[in-house]
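# Chains, contacts and geometry: an overview
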Amino acid sequence: MSISLFQAFLMGVVYYLGLIPPPALGSASLFQKPLVAGTLVGLILGHPTEGVIIGAAIQLPYIAFISAGGTIPSDPGLAGVLGTAFAIVGHVDPATAITIAIPFGLLGTVVWVLHMTIDVAFVHMADKAAEQGDLKKVCFLHVVPPQIVAFAISVLPVMLGAYFGADYMARLVAMLSNDVLHVLQVIGGVLPALGVAMNLRSISRPNSMAFYMIGFILSV
């Protein structure tokens with residue numbers, strides 16, 4: 001199975017929406033979740049069921065993910081998009097898909113830092129416009145240039161990576177022995193446990209446990 005250039009472009013758009021969507025679409029957190037990104041990638045590739053299953057698997061290591069102070073420890077959006085795409089193309093199981101996705105999550109931090117670094121320039125420009133009382137220019141600098149930069153640094157790399165990397169990933173998986181695939185499955189099985197454990201650690205704190213218990217009781 002191969003990925004067309006148009007499909008690769010749509011995957012880049014999915015990643016872009018998880019990085020910094022247009023204001024009309026609201027928060028980026030929805031599209032940044034591997035479950036959502038994986039589902040959309042599955043729809044793009046014509047395998048919606050596999051997209052949901054693989055996206056849900058990749059979601060588990062990131063279940064306790066939080067971005068604080070403008071930094072991210074890993075990028076679940078890129079992991080969800082490319083991890084799901086290459087897992088579907090390579091016909092691998094969800095546990096192996098997790099191990100494929102995690103390195104992309106780490107690589108995504110580079111995109112995030114680049115995005116934040118470039119956008120600082122627009123902040124300074126907006127400060128000067130505010131000093132001159134030019135509210136329209138402040139709004140323009142707050143929305144338009146950052147969107148253009150985000151689109152360029154997210155859509156293009158993902159599009160090229162998905163388009164040129166799909167066949168390579170499929171050949172690589174086909175070359176791997178059963179023993180190597182088994183190791184990847186074991187690692188992929190451990191990573192969700194780590195994500196769940198981090199989430200439980202947060203819940204077990206005194207200021208969180210009360211809300212957890214109330215929610216649990218109401219759900220039952």
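Basis of the calculations
- Position numbers for residues count from 1 along each chain, tracking the sequence in the order it is written.
- Local features in this predicted model are restricted to residues whose pLDDT is 70 or higher, and side-chain atom pairs enter the listing and the counts only when it is 80 or higher, whereas totals over whole chains, interfaces and linings include all residues.
- The side-chain figures draw on all heavy atoms in the structure; neither hydrogens nor water molecules are used.
- Think of it this way: any DSSP run of H or I at least four residues long counts as a helix, any run of E at least two long counts as a strand, and we number them from the N terminus.
- To sort residues, take the accessible area from a 1.4 Å probe on protein chains only and compare it with the maximum for the residue type: under 20% means buried, over 50% means exposed, and anything in between is partly exposed.
- What makes two residues a contact is simply this: any of their non-hydrogen atoms within 4.5 Å.
- Surface accessibility in these figures is a Shrake-Rupley result with a 1.4 Å probe; residues are shielded only by whichever protein chains are displayed.
- Classification of ring pairs rests on two measures: the distance between centres of Phe, Tyr or Trp rings, Trp counted by its six-membered ring, which must be within 6.5 Å, and the angle between planes, read as stacked under 30 degrees, edge-to-face over 60 and tilted in between.
- A score between 0 and 100, pLDDT records how confident the predictor is in each residue.
- Take the buried Ala, Val, Leu, Ile, Met, Phe, Trp, Tyr and Cys residues and link them wherever side-chain atoms come within 4.5 Å; each set so joined is a nonpolar core.
- An expected span of 1.5 Å times one less than the residue number is assigned to each helix.
- Throughout this description, a polar contact denotes any pair of N or O atoms lying within 3.5 Å of each other; where both atoms belong to protein, one of them has to be capable of donating a hydrogen while the other can accept it, and for residues adjacent in sequence the pair is counted only when both atoms sit in side chains.
- A patch consists of residues whose relative accessible area exceeds 30% and which take part in no salt bridge; residues with like charges are grouped when within 9 Å of each other, and nonpolar side chains (Val, Leu, Ile, Met, Phe, Trp, Tyr) when within 5 Å.
- Any Lys or Arg side-chain nitrogen located within 4 Å of an Asp or Glu carboxyl oxygen qualifies as a salt bridge.

### Re the overall build of the protein
Within the protein one finds nine helices and zero strands. Listing the helices and strands of the protein from first to last along the sequence gives α-α-α-α-α-α-α-α-α. Relative to its full complement of 220 residues, the protein shows a buried share of 40%. Here the contacts in the protein between residues at least 6 apart in sequence split such that 75% fall between residues at least 24 apart. A total of about 11900 Å² of accessible surface is found on the protein, and carbon and sulfur atoms cover 73% of it.

### Digging into unusual backbone geometry
Note: most residues except glycine have negative phi, and most peptide bonds are trans. Of note in the backbone geometry, H91 takes a positive phi value of approximately 55 degrees without being a glycine. Looking at the element boundaries, H91 is found in the loop between α5 (76-90) and α6 (94-131). For H91, a relative accessible area of 63% gives the class exposed.

### Describing the environment of L10
Within the fold, L10 resides in helix α1 (residues 5-19). Since its relative accessible area comes to 28%, L10 is described here as partly exposed.

### Comments concerning the packing of aromatic side chains
What characterises a pair of aromatic rings is the spacing of the ring centres plus the angle enclosed by the ring planes. Inspection of the entire model under this criterion finds four aromatic pairs. Residues F9 and F151 carry aromatic rings whose centres are separated by 6.5 Å and whose planes lie at 65 degrees to one another, so their mutual orientation is edge-to-face. Of this pair, F9 sits in helix α1 while F151 is found in helix α7 (residues 135-175), placing the two residues 142 residues apart along the sequence. A ring pair is formed by Y163 and F164, whose centres lie 4.9 Å apart and whose planes are at 80 degrees; its orientation type is edge-to-face.

### Focus: the confidence of the model for the protein
The predicted coordinates of low-pLDDT regions are not to be read in fine detail. For the protein, the average pLDDT comes to 81, and 77% of its residues sit at 70 or higher. Per-element mean pLDDT across the protein ranges from 63 in helix α8 (residues 178-203) up to 93 in helix α3 (residues 34-45).

### Side note on the side chain of Q59
Here Q59 lies in helix α4 (residues 48-59). Take Q59: its relative accessible area is 15%, and that puts it in the buried class. Excluding residues that lie within four positions of it along the chain, Q59 makes contacts with K33, P34 and L35.

### Some details on the side chain of D119
Within the secondary structure layout, D119 lies in helix α6. Once residues lying within four places of it in the same chain are set aside, the contact partners of D119 are P146 and V149.

### Comments concerning the nonpolar core
Counting 41 residues, the largest nonpolar core has I3, M11 and V81 as its most contacted members. Among the elements of the structure, α1, α3, α4, α5, α6 and α7 are those that each provide at least two residues to this core.

### Regarding α6
Taking 1.5 Å of rise per residue, the 38 residues of α6 would be expected to cover 56 Å, and the 53 Å separating its terminal C-alpha atoms lies within 8% of that figure. By the N-cap criterion, in which a side-chain oxygen at the helix start approaches the backbone nitrogen of a residue two or three places on, α6 is capped by D93, the distance to A95 being 3.1 Å. Immediately beyond the C-terminal end of α6, within one or two residues, lies G133, with a positive phi of roughly 75 degrees.

### Digging into a nonpolar patch on the surface
Together, Y212, M213, F216, I217 and V220 give the surface a local cluster of nonpolar side chains, amounting to about 540 Å² of exposed area. Relative to the elements of secondary structure, F216 occurs in helix α9 (residues 206-219).

### Section: the environment of I20
Topologically, I20 is positioned in the loop between α1 and α2 (29-32). Look at I20 and you get buried, because its relative accessible area is 19%. As for I20 and Q32, which are separated by 12 residues in sequence, their C-alpha atoms are 9.4 Å apart.

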